[in-house]
Amino acid sequence: MEFSEDTKQVLEFLDYTSGGTLRKRNDLGIILETLATQNQPEIANELIFYGSALWGSYRIIKTQSDPSLTARVQAEIQNLFAKVLDLLSDIVSFFEEDDLVDRFNRIYLKSDEGAQLNLIDLCYDLNELKKVQIQLRNK
């Protein structure tokens with residue numbers, strides 16, 4: 001997929017603000033480009049919101065030792081996974097290239113641990129985008 005200049009600039013800016021730590025840069029670009037060309041800003045904002053929440057919850061689980069808190073956060077993580085997967089399924093339905101559909105289905109939408117870890121990596125990138133949104137909103 002060819003990215004527009006706007007998508008390229010967003011990715012370059014995220015590279016800069018994240019210190020080059022994006023984990024699924026190209027896939028994020030595909031998602032952003034697709035949602036822009038399909039005029040779906042609501043889906044983009046929802047994905048960014050829930051993806052950022054999933055990343056934050058995942059980080060809490062990794063650093064927490066309190067079993068009661070861990071159980072509550074784990075339940076929330078399952079809800080967030082389901083929401084992000086629903087949104088990502090909606091986005092994949094906009095793809096016009098079969099190879100992209102197959103790839104996203106294999107990498108993110110399968111129900112296995114590898115796909116979940118890939119989704120967490122994508123959520124890291126969405127969290128980086130959310131941080132930029134917050135900074136721009138606060139200026």
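Structure's up top.
My aim in this report is to walk through the structure given alongside it, one point at a time.

Each value, and the rule that gives it
Position labels on residues start from 1 in each chain and follow its written sequence. Two thresholds apply to this predicted model, a pLDDT of at least 70 for residue-level local features and 80 or more for giving and counting side-chain atom pairs, whereas whole-chain, interface and lining totals are computed over all residues. As a rule here, side-chain values come from all non-hydrogen atoms in the structure, and water together with hydrogens is ignored. Every helix listed is a DSSP run of H or I at least four residues long, and every strand listed is a run of E at least two residues long, numbered separately from the N terminus. Between buried and exposed lies partly exposed: a residue is buried under 20% and exposed over 50% of the maximum accessible area for its type, with that area taken using a 1.4 Å probe on protein chains only. Counting rule for charge: Lys and Arg are taken as positive, Asp and Glu as negative, and neither His nor the chain ends is counted. What counts as a salt bridge is simple: a side-chain nitrogen of Lys or Arg found within 4 Å of a carboxyl oxygen of Asp or Glu. A helix's residues, less one, multiplied by 1.5 Å, set its expected span. In this description, one arc is meant: the one made by directions from the helix axis to the C-beta atoms.

1. Quick notes on the side chain of Lys130
Consideration 1: The residue Lys130 is located in helix H6 (residues 113-137) in this model.
Consideration 2: One buried charged residue, Lys130, remains without a salt bridge, the closest side chain of opposite sign being Glu46 at 12 Å.

2. Focus on helix H1 (residues 5-18)
Consideration 1: Counted at 1.5 Å a residue, the expected span for H1 with its 14 residues is 20 Å, and the 20 Å between its end C-alpha atoms agrees.
Consideration 2: Along H1, the positions that sit buried rather than exposed are Thr7, Leu11, Leu14 and Ser18. End-on view of H1: buried residues confined to an arc of 60°, all on one side of the axis. Away from the buried face of H1 by more than 90 degrees, exposed residues Glu5, Asp6 and Tyr16 are located.
Consideration 3: Backbone geometry just after H1 places Gly19 at a positive phi near 70°.

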